[in-house]
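Architecture at a glance
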Amino acid sequence: MKPDVKSLTQDELAAQFKAWGQPAYRAAQLLSWLYPRRASSWEAMTNLPKPLRALLAETYTLDTLALARQQGRPGGTRKF
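Just so we're clear, the structure is a prediction, and the values are computed from it rather than from any experiment.

1. Quick notes on the nonpolar core
Looking at soluble globular proteins, one finds that nonpolar side chains tend to be buried together. Judged by nonpolar contacts, the single largest core of 17 residues is most densely connected at V5, L13, L30, L34, W42, M45 and L56. Top element by residues in this core is helix α2 (residues 25–34). It accounts for five residues. If sequence neighbours within four positions are ignored, L13 has contacts with V5, L8, A27, L30 and L31.

2. Regarding helix α3 (residues 50–59)
Three or four residues apart is the spacing at which side chains of an α-helix point the same way, because the helix has 3.6 residues per turn. What α3 keeps buried is the set L52, R53 and L56. Down the axis, α3 shows its buried residues gathered within 100° of arc, on one side only. For α3, the exposed residues set more than 90 degrees away from the buried face come down to K50, P51 and E58. The secondary structure elements touched by the buried residues of α3 are α1 (10–19) and α2.

3. Notes on the environment of F17
Tracing the backbone through its elements, the reader meets F17 in helix α1. The buried category is assigned to F17, whose relative accessible area is 1%. Measuring from C-alpha to C-alpha, the distance between F17 and D4 comes to 16 Å, with 13 residues separating the pair along the chain. Not counting the four nearest positions on each side in its chain, F17 is found in contact with Q22, P23, R26, A27, L30, L52 and L56.

4. Observations regarding the packing of aromatic side chains
Under the definition given, this model contains two aromatic pairs. With a centroid separation of 5.9 Å and 55° between ring planes, the pair formed by F17 and W20 is classed as tilted. The exposure class of W20 is partly exposed, given its relative accessible area of 23%. Among the aromatic residues, ring-to-ring pairing joins F17, W20 and Y60 into one connected group.

5. A word on the packing of α1 against α2
At a closest axis distance of 8 Å, the pairing of α1 and α2 adopts a crossing angle of 130°. As the angle between them shows, α1 and α2 are arranged oblique. Both α1 and α2 take part in a crossing whose hand is right-handed. Where α1 approaches α2, its residues Q10, L13, A14 and F17 are matched on the opposing element by R26, A27, L30 and L31. In the contact of α1 with α2, the residues fall into six nonpolar, one polar and one charged.

Rules used in this analysis
- Residues numbered from 1 in each chain as written.
- Predicted model: local features only at pLDDT ≥ 70, side-chain atom pairs only at ≥ 80, totals over all residues.
- Heavy atoms only, no water.
- Core = buried A, V, L, I, M, F, W, Y, C linked by side-chain atoms within 4.5 Å.
- Buried < 20%, exposed > 50% of the residue type's maximum accessible area, 1.4 Å probe, protein only.
- Helix = DSSP H or I, 4+ residues; strand = E, 2+ residues; numbered from the N terminus.
- Contact = heavy atoms within 4.5 Å.
- Arc of directions from axis to C-beta.
- Phe/Tyr/Trp six-rings, centres within 6.5 Å; stacked < 30°, edge-to-face > 60°.
- Axes fitted to C-alpha atoms, helices over the stretch in contact; angles between N-to-C directions.
- Parallel < 35°, antiparallel > 145°, perpendicular 65-115°, else oblique.
- Left-handed = near helix turned anticlockwise from the far one by under 90°.
- Nonpolar A, V, L, I, M, F, W, Y, C, P; charged D, E, K, R; others polar.

Below you can see the structure in the form of structure tokens.
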């Protein structure tokens, strides 16, 4: 089973990119797509080279959150 890319720290991503021969700034680019931009697919990460996106897809999953249940009263507090 492939690990979720979001389970890695920035240092772990930087080490992986270094092992793949990628520049160090690629980790920051990836994190920018994952968190501020909330990308839900590897293809959306257009400033990463296609071969790198393919390698990421082969190595990691890119899971997104899904609503499991919503509770609460109309006009009141809601739990997600």
